[in-house]
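What follows is the residue order along each chain.
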Amino acid sequence: MQTGHIDESFQHDKTNPQATQQFLTNLLITRLPAPPCRVLQIDTGSSNMTALLSQHGYDIRSLNPDAQQITGLQDLPDSKASSRRRSLENCDAPPASFNAVVLLESAQYIEPLVLFNKSLDLLPLSGDLIIVDEFALKHDQADIRVLYLLSSIVALAERLGFELIEHMDLSSMTTNTPDYRSHGITVHQQHVIKDIALTVEQATRLDASNQANHPKNRNEHYSCYALLHFRKKTLPKWRLQALTKQQLPEMLGLFKKTFNHDMTPATWQWKYDSNLGRGIGVWRNNQLIAHYGGIPRKILFFGQPQTAVQIGDVMVDSNERGILTKKGPFFLMTATFLERYIGYGKAYLLGFGFPNDRHMKVAELLKLYAEVGRMVEFSWKIRSRFPLWRTRLHLIDQARAAFAATAVNACWQRMAADLHTAIVGIRDWQYLQRRYLDHPTQHYQVILVKNRFSARARGVMVLRYDPEGCEIVDVIAPLAEIPLLITHARRLAGAHGAARVFCRITENFADYFAVAGGTRQPVNIRIPTNIWSDGPAPETLKDHWWLMSGDMDFR
């Protein structure tokens, strides 16, 4: 693999946009097969480049979602290029239709799994994939721009059968670009406002954002502008793909094969039918052999709102499980999910879950996860059915939503205040309603505890009855009220004929439950965090999670 920087001959002309266009054209021509090869170009803002390549004899097909760019291209004289307003994902060209695929400042707007999978299909063996774009070199907690990490892009390309044959640093080309853009915005502000329907305020913010990303105001160690030249080397044994609703039958089939019981389509949709829900599958010979799911969860991260993702339904076909190296399906899908979605500058700041012991050990061995907590279980005997006269209980269901919402939110606000130095999933009315009252198969008993005379809400508990007893699945209350909720749960368990009351809580918060007595024992459930991609360090998270059984998608 070659690495390099832009040659010095370009330095004198880098402030000239036309010179930049010509330089990039020459750069591409020296890397593309000789014309008349077929080239698919995805370009969101440089239709002139398409025309320049076409004039050199290349058979160009351009995908461009911007109608104005397409119109401008069609108006160019002597342009032989064909441009279509269609995304790469929806490109319906036959396999191996192109000798090369070129992305100019458009890769950052395309899901990487789509980019490499479609390119894999559209190119023959030894076909060229060239990307010119801006990439992040590192992500940290100050990131406000969502750029793909260069190392992750290269790693994903290699997982999907591409070889990086050249990496050229073109960062010096962008040195004066923000000045040029800012000058254009200032001089032509009224035209900009009119042509693309911006308000004056939006145009001002656009200029401010442009200046914020100026190389003089940006740490050069955190991003770069580069040319990446890949070549299709092989057809991979396993194909990584983002999963869609259309693949639900395959996912449910793999689930049954892995866990030996069925999951209903309604339950799967309850988990993953969200704009933020994610899932990555591994396919072999058109058969789904592995799955790694992510369920979004709003959290308070030491008192600050953030979004985390709960990892669930991690499955690998038993015929493929023996491959536990960094080339096996478990590693491929886990590393890709962590790189793509979790950490600084990603959709989710944190990931968490409840992996079985085998998955946790493999993930630690492959340096994907680190442990940041453990679960413990408390168990209590039932109590007499006699009421506690100072408090009373109210069953919460959908019919009492208007009555319950205010009380639940008040309890949550007091709980959140107690947990301002912790990491906790938000437990407001909206969450409680969707998680428990809208569950398609499980039945929960949601109880509000209030003072008998003042009507002050003391707390909410969520109970689940099964052959093991009455489980306190969740509580929403100030921490000092936990013993009261446990006492009421023991009373209700007796009324239902349950053998015992039990609950699971992260070990670091066990003392709040120990006050109510009972028997405490460890549970073989460890809480992981991502250590594969840039994100909060494990030592800052260790023993800070508040997690109960209700935070598990399968309880």
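Going by the structure above, here's the rest.
Residues numbered from 1 in each chain as written. Predicted model: local features only at pLDDT ≥ 70, side-chain atom pairs only at ≥ 80, totals over all residues. Heavy atoms only, no water.

Caption draft 1: Here's a closer look at the pairing of strand S20 (residues 501-506). The buried count for S20 comes to six of six residues, which makes it a mostly enclosed element. Of the two faces of S20, the one lined by Val501, Cys503 and Ile505 and the one lined by Phe502, Arg504 and Thr506 are each fully buried. Judged from the two bridges that link them, strand S19 (residues 469-476) and S20 form a sheet pairing that is parallel. If you follow Glu471 over to S20, its bridge partner there is Phe502. Handedness of the S19-helix H15 (residues 482-495)-S20 crossover: right-handed. (Buried < 20%, exposed > 50% of the residue type's maximum accessible area, 1.4 Å probe, protein only. Helix = DSSP H or I, 4+ residues; strand = E, 2+ residues; numbered from the N terminus. Pairing = 2+ DSSP bridges. Right-handed = clockwise from strand over helix to strand, strands pointing away.)

Caption draft 2: Fine view of the packing of aromatic side chains. Going through the model one piece at a time under the given rule, you end up with 17 aromatic pairs. Both rings, one in Phe352 and one in Phe354, keep their centres 6.2 Å apart while their planes meet at 90 degrees; by these two values the pair is edge-to-face. On the basis of relative accessible area, Phe352 is assigned to the buried category, the value being 1%. A centroid spacing of 6.3 Å and a plane angle of 85 degrees characterise the contact between Tyr431 and Tyr436, whose relative ring orientation is edge-to-face. A single burial state applies to Tyr431 and to Tyr436, both of which are buried. In this structure an aromatic cluster arises from ring pairing among Phe378, Trp380, Phe509, Tyr512, Phe513 and Trp546. Taking NZ or CZ as reference, Arg500 lies 4.2 Å from the ring centre of Phe502, over its face. (Phe/Tyr/Trp six-rings, centres within 6.5 Å; stacked < 30°, edge-to-face > 60°. Lys NZ or Arg CZ within 6 Å of the ring centre and 35° of its normal.)

Caption draft 3: Spotlight on the packing of helix H9 (residues 248-259) against helix H10 (residues 265-272). Where H9 contacts H10, the two axes come as close as 11 Å, and the packing angle between them is 105 degrees. When the interaxial angle is binned, H9 and H10 end up roughly perpendicular. Every residue of H10 that contacts H9 at Leu248, Met251, Leu252 and Phe255 is listed here: Pro265, Trp268 and Gln269. (Axes fitted to C-alpha atoms, helices over the stretch in contact; angles between N-to-C directions. Parallel < 35°, antiparallel > 145°, perpendicular 65-115°, else oblique. Contact = heavy atoms within 4.5 Å.)

Caption draft 4: View of the sheet that holds strand S14 (residues 369-380). Overall, mixed pairing links the seven strands, which are arranged S15-S17-S18-S19-S20-S14-S21 in an open sheet. The sheet is open, and its two edges are formed by strand S15 (391-396) and strand S21 (519-530), each paired on a single side. In this sheet, adjacent strand axes meet at a mean angle of 30 degrees when their direction is disregarded. Against the sheet, H15 touches S14, S15, strand S17 (445-451), strand S18 (457-466), S19 and S20, its axis set at about 40 degrees to S18.

Caption draft 5: Highlighting empty space enclosed by the protein. Following the criterion strictly, the structure yields four cavities of 30 Å³ or more and no others. Estimates place the volume of the largest cavity at around 160 Å³. If you trace the largest cavity, you find 15 residues lining it, with Pro112, Tyr148, Ser152, Glu339 and Arg340 closest to the centre. Contributing elements (two or more residues each) for the lining of the largest cavity: helix H5 (150-159) and helix H11 (329-341). Sorting elements by how many residues they give to the lining of the largest cavity places H5 first, with four residues. Classifying every residue of the lining of the largest cavity by side-chain character gives seven nonpolar, four polar and four charged. (1 Å grid on protein atoms, 1.4 Å probe; cavity = no way out; pocket = protein on both sides within 12 Å on 5 of 7 lines; lining within 4 Å. Points joined across faces, edges and corners; volume = space filled by probe spheres on them. Nonpolar A, V, L, I, M, F, W, Y, C, P; charged D, E, K, R; others polar.)

Caption draft 6: The arrangement of the nonpolar core in detail. Core analysis: the biggest nonpolar cluster contains 60 residues, and Phe116, Leu129, Ile131, Phe230 and Met333 have the highest contact counts within it. Here this core takes eight residues from H11, the largest share from any one element. Every residue in contact with Phe116, bar those within four places of it in the chain, is listed here: Leu129, Ile131, Ile153, Leu156, Ala157, Leu160, Phe162 and Phe230. Among the nonpolar cores identified, the runner-up in size contains 57 residues, and Leu419, Ile447, Val475 and Ala498 belong to it. (Core = buried A, V, L, I, M, F, W, Y, C linked by side-chain atoms within 4.5 Å.)

Caption draft 7: Inspection of the pattern of salt bridges at higher detail. Per the stated rule, a full pass over the model turns up 27 salt bridges. The closest approach of N and O atoms between Glu471 and Arg464, which form a salt bridge, is 3.6 Å. As far as burial versus exposure is concerned, Glu471 and Arg464 are alike and both buried. In this structure, Arg520 engages Glu507 in a salt bridge whose closest nitrogen and oxygen atoms are separated by 3.9 Å. Of this pair, Arg520 sits in strand S21 while Glu507 is found in the loop between S20 and helix H16 (511-514), placing the two residues 13 residues apart along the sequence. Arg520 gets classed as partly exposed once you look at its relative accessible area, which sits at 41%. Residue Glu507 is classed as partly exposed on the basis of its relative accessible area of 38%. Sharing partners across several salt bridges, the network here consists of Arg297, Arg427, Asp474 and Asp551. (Salt bridge = Lys/Arg side-chain N within 4 Å of Asp/Glu carboxyl O.)

Caption draft 8: Main features of the side chain of Asp128. Mapped onto the fold, Asp128 is located in strand S6 (residues 128-136). Among the polar contacts listed, one links the side chain of Asp128 to the side chain of Arg231, at a separation of 2.8 Å. Excluding residues that lie within four positions of it along the chain, Asp128 makes contacts with Arg31, Pro33, Asn99, Ala100, Val101, Leu123, His229, Phe230 and Arg231. (Polar contact = N/O pair within 3.5 Å; in protein donor to acceptor, adjacent residues only side chain to side chain.)

Caption draft 9: Focus on the side chain of Arg490. In this fold, Arg490 is placed in helix H15. For the buried Arg490, no salt bridge is present, and the opposite-charge side chain at shortest range is Glu377, 14 Å distant. Sequence-distant contacts of Arg490, that is, excluding residues within four places in its chain, are made with Trp380, Lys381, Ile382, Arg383, Val501 and Ala516. (Lys, Arg positive; Asp, Glu negative; His and termini not counted.)

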